[in-house]
Amino acid sequence: GASYGGFMTMYLATKTDVFSASISHVGISNLLTIEAMGGEFGYFGVTTKGNLPWNNSDFYTQQIPVFAANKVTTPLLFIHGGEDTNVPVG
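The present account deals with the structure reproduced in this document. (Residues numbered from 1 in each chain as written. Predicted model: local features only at pLDDT ≥ 70, side-chain atom pairs only at ≥ 80, totals over all residues. Heavy atoms only, no water.)

**Quick look at the side chain of Thr 14**
So, step 1. Mapped onto the fold, Thr 14 is located in helix α1 (residues 4–15).
So, step 2. A relative accessible area of 8% means that Thr 14 is categorised as buried. (Helix = DSSP H or I, 4+ residues; strand = E, 2+ residues; numbered from the N terminus. Buried < 20%, exposed > 50% of the residue type's maximum accessible area, 1.4 Å probe, protein only.)

Here's what the structure looks like:
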C-alpha cells in the first residue's frame, strides 16, 4: 500500500498474519506526529469522523500501527523517499 494504503498495510500487519509479507510505501505509522512533521489534522479529522487526538485519544492509540508494532509477525518492508513533502519521513 502507498500513502494511506501504506498506513492500512501497517495496520493490517498488526491485526492478522494472513499475509506472507507486506510493503508499506510512504505510509504514515503514527497519525499523532504527522502534524508536527508538516501534515495536517484537517484531513484526518474527516477520515476519522472528527476523532482528533485531543478529543478521543483512545481511538488513536487503538488504531495507530506504531502502538501495536509488537504484534507484527510477518515480514514488513518500509519504502520512503527523503524528499516526500506529503508524508514526511519522520
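Moving on from the coordinates now.
**Quick notes on the pairing of strand β1 (residues 22–25)**
So, step 1. With burial as the criterion, only one face of β1 is covered, namely that bearing Ser 22 and Ser 24; the residues Ile 23 and His 25 on the opposite face remain uncovered.
So, step 2. Here 4 bridges tie β1 to strand β2 (residues 76–79), and the two strands are oriented parallel to one another. By the bridge assignment for β2, Ile 23 is matched with Leu 77. (Pairing = 2+ DSSP bridges.)

**Here's the deal with the nonpolar core**
So, step 1. Judged by nonpolar contacts, Phe 7, Ile 28, Leu 31, Leu 52, Tyr 60, Ile 64 and Val 87 together constitute the single largest core of 7 residues.
So, step 2. The contacts of Phe 7, once residues within four sequence positions are left out, are Gly 27, Ile 28, Leu 31, Gln 63 and Pro 65. (Core = buried A, V, L, I, M, F, W, Y, C linked by side-chain atoms within 4.5 Å. Contact = heavy atoms within 4.5 Å.)

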